[in-house]
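What the coordinates show
Here's the letter readout for the chains.
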Amino acid sequence: MAEKKIRTIGVLTSGGDAPGMNAAVRAVVRRGLGQGLKVKGILQGYDGLINDNIRDMKARDVSDIISRGGTVLYTARCPEMKTDEGIERAVETCRKHGIEGLVVIGGDGSYMGAAKLANHGINVIGLPGTIDLDIGCTEYTIGFDTAVNTAMQAIDKVRDTSASHERVSIVEVMGRNAGYIGLWCGIANGAEDILLPEKFNYDEQAVIDNIIENRRYGKRHHIIVNAEGIGHSASMARRIEAATGLETRATILGHMQRGGSPTARDRVYASTMGCMAVDLLLAGKTRRVVGYNNGQFRDYDISEALAMSKGISEYQYEVAVALSHNYMKPSENLYETQEATEGQAEA
Ligand code: ADP
Ligand code: F6P
């Protein structure tokens, strides 16, 4: 717990950027200023803290950013922060600028750095910023909603052309260790197959069998949503084409999923969390992470938050699989029915 009221706070964004981070930065700056605090923007994540890349933030510095993707504070991956020397330099910079409270917007890695700063007396609050949704203590992370909508819209477009050419399409979405974007797109796009790091057992033959069966029963396209953690979409497409005889294309959506104007949900939740971070600091709290669960924003101890884990919802996975199934019997084979009708017409 902080002993005295803090006067100066800093804010930084760290790890992969996520749409909505700007809304959170804006909220921290304006809530802080509104409560009589000085607010410092730390550029390029922990790198800026270690190398003293800091600027004073005024209300106008965060004008016109709520609708913008990315982060105006820039972000970085900073290996030096994992060393004792890096931490010491970061603490020194905080002291130099009088930064007594720090809001860190990022994921689990960023919280580990924040926890080390807290051990040196800096009051830290973490906000969940990642498109991957893979933070154990919260069912919402800043950026996921925008990213999954971006991916969904892109897959809709791929589906149009895929269906026109009667092709198989593999669409690779982000998520190196977590399949949330893949799972959501699987349901939202009605994908025929979803390959997630948490679920896929690398049985490619099962995917091939599914494609062949769907074709037999009249499906003219086949969308496979493949998470980045499984990867290898291009070579998978070649193998599927060779095994099925069907034209197969791979599309890797990549970093487009990290950009773009944030959705209303990301703007509103990020703004709320940014305000909460300042309020927690003003209430003398430190080593906390803000999360959103069961309709409520709340804060968690940083070590407890880091120890929490969550998996993808088994039921939602079942939903994705259940709704992609064609539920047809061999007697309902559309191609055979069509051929029989044509044969009768000719006779
Ligand atoms: P995320 O915050 O999204 O999980 P990273 O894992 O890339 O992203 O972490 C972001 C940054 O947090 C790292 O570049 C590093 O500066 C810092 N960080 C990560 N792990 C640690 C650690 N164990 N100790 C101190 N700092 C860390
Ligand atoms: O932000 C999370 C994430 O998008 C992961 O899904 C992905 O594996 C990673 O970032 C890639 O980050 P970068 O290309 O910036 O190293």
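Report follows, based on the coordinates. (Residues numbered from 1 in each chain as written. Chains lettered and ligands numbered in written order. Predicted model: local features only at pLDDT ≥ 70, side-chain atom pairs only at ≥ 80, totals over all residues. Heavy atoms only, no water.)

1. Concerning the overall build of the protein
We count it as follows: The secondary structure listing takes helices from DSSP runs of H or I that are at least 4 residues long and strands from runs of E that are at least 2 residues long, numbered from the N terminus. Only protein chains enter the calculation, and the probe is 1.4 Å; a residue is then buried if its accessible area is under 20% of its type maximum, exposed if over 50%, and partly exposed in between. Only heavy atoms matter for contacts: two residues are in contact if any of them lie within 4.5 Å across the pair. Computed with a 1.4 Å probe, the accessible areas rest on the Shrake-Rupley method; for each residue, only the protein chains presented here act as cover.
Scanning the protein from N- to C-terminus turns up 12 helices and 12 strands. Expressed as lengths along the three principal axes of its C-alpha atoms, the size of the protein is roughly 95 × 35 × 35 Å. Residue burial in the protein is summarised as follows: out of 347 residues, 52% are buried. Put simply, 75% of the contacts in the protein that link residues at least 6 apart link residues at least 24 apart. When the accessible surface of the protein is totalled, it reaches about 15800 Å², and 49% of it is carbon and sulfur.

2. Remarks on the sheet that holds strand β7 (residues 168-173)
Rules: If DSSP finds at least two bridges between two strands, the strands pair. Here, axes are lines fitted to C-alpha atoms. For helices the fit covers the stretch in contact, and angles between N-to-C directions go from 0 to 180 degrees.
Overall, parallel pairing links the 4 strands, which are arranged β8-β9-β7-β10 in an open sheet. Here the strands that pair on one side only, and so sit at the sheet edges, are β8 (193-195) and β10 (248-252). Pairwise comparison of adjacent strand axes, ignoring direction, gives a mean angle of 15 degrees for this sheet. Looking at chain direction, β7 and strand β9 (residues 222-227) are connected through 6 bridges and run parallel. Bridge pairing in β9 links V168 to H222. Its contacts with the sheet put helix α8 (residues 233-244) on β7, β8, β9 and β10, and the angle it makes with β10 is roughly 170 degrees.

3. Thoughts on the pattern of salt bridges
Worth spelling out the cut-off: Put simply, a salt bridge is a Lys or Arg side-chain nitrogen that is within 4 Å of an Asp or Glu carboxyl oxygen.
All told, the structure shown has 14 salt bridges when counted by the stated rule. In this structure, the salt-bridge partner of E100 is R7, at a minimum N-O distance of 3.1 Å. Here the residue E100 occupies a position in the loop between α3 (84-97) and β4 (101-106), and R7 occupies one in the segment before β1 (8-13), the gap between them amounting to 93 residues. For R7, a relative accessible area of 54% corresponds to the exposed category. With a shortest N-O distance of 3.0 Å, E247 and R167 are connected by a salt bridge. One end of the pair, E247, is in the loop between α8 and β10; the other, R167, is in the loop between α5 (144-164) and β7, and 80 residues separate them in sequence. The class of R167 is buried, set by a relative accessible area of 14%.

4. Some details on the site of ligand 2
Applicable threshold: For this description, a residue counts as near a given molecule or strand if any of its non-hydrogen atoms is within 4 Å of it. N or O atoms closer than or at 3.5 Å make up a polar contact, with two conditions inside protein: a donor-capable atom paired with an acceptor-capable one, and, for residues adjacent in sequence, both atoms drawn from side chains.
Taken together, R77, I131, D132, M174, G175, R176, E228, H255 and R258 make up the full set of residues adjacent to ligand 2. Here an oxygen atom of ligand 2 sits 3.0 Å away from a polar atom, N or O, in the side chain of R77. Contact with the protein chains covers 80% of the free accessible surface of ligand 2, which is 400 Å².

5. Quick look at the site of ligand 1
Selection criterion: Nonpolar residues are Ala, Val, Leu, Ile, Met, Phe, Trp, Tyr, Cys and Pro. Charged residues are Asp, Glu, Lys and Arg, and all others, Gly as well, are polar.
In the vicinity of ligand 1 lie 14 residues, with C78, G107, G109, S110 and K116 positioned nearest. Contact between ligand 1 and D108: an oxygen atom at 3.4 Å from a main-chain N or O atom of the residue. Between an oxygen atom of ligand 1 and a main-chain N or O atom of G109, the distance comes to 2.9 Å. In isolation ligand 1 exposes 550 Å². Once the protein is present, 80% of that is buried. If you tally residues by element for the shell around ligand 1, the top one is helix α4 (residues 108-118), at 6 residues. Looking at the shell around ligand 1 residue by residue, the class counts come to 4 nonpolar, 6 polar and 4 charged.

6. Things to note about the packing of α5 against helix α6 (residues 180-188)
We apply this condition: In these notes the angle categories are as follows: under 35 degrees is roughly parallel, over 145 is roughly antiparallel, 65 to 115 is roughly perpendicular, and the rest is oblique. The handedness criterion is simple: a crossing whose near helix is rotated anticlockwise from the far helix by less than a right angle is left-handed, and one whose near helix is rotated clockwise is right-handed.
The contact between α5 and α6 brings their axes to 9 Å, and the two run at 45 degrees. When the axes of α5 and α6 are compared, the pair comes out oblique. Here α5 and α6 pass one another in a crossing that is right-handed. For the pair α5 and α6, contact is made by F144, A147, V148, A151, M152 and I155 and by Y180, I181, W184, C185 and A188, respectively. Looking at the contact of α5 with α6 residue by residue, the class counts come to 11 nonpolar, no polar and no charged.

7. Some points on the environment of V225
Structurally, the position occupied by V225 is in strand β9. You can call V225 buried: its relative accessible area is 0%. Along the backbone, V225 and N189 are 36 residues apart, and their C-alpha atoms lie at a distance of 9.0 Å.

8. A closer look at helix α1 (residues 21-34)
Just so we agree on the cut-off: A helix is expected to span 1.5 Å for every residue after the first.
For α1, which comprises 14 residues, the first-to-last C-alpha distance of 20 Å matches the rise-based estimate of 20 Å (1.5 Å per residue) to within 8%. Inspection of α1 places M21, N22, A23, A24, V25, A27, V28, V29 and G32 among the buried residues, and these make up the whole buried set. Summarising the contacts, the buried residues of α1 are in contact with β1, β2 (38-42), β4, β5 (123-130), β6 (142-143) and α9 (264-282). Positive phi appears at G36, one or two residues downstream of α1, with a value of about 85 degrees.

9. Observations concerning the state of the cysteines
Heads up, the rule is: Throughout, disulfides are identified as pairs of cysteine sulfur atoms within 2.5 Å of each other.
A full pass over the atoms with the stated rule returns 0 disulfides. The cysteine C94 is free of any disulfide, with C78 supplying the nearest cysteine sulfur at 13 Å. When its relative accessible area of 0% is taken as the criterion, C94 is described as buried.

Read these as layout, nothing more, since geometry by itself doesn't imply function.
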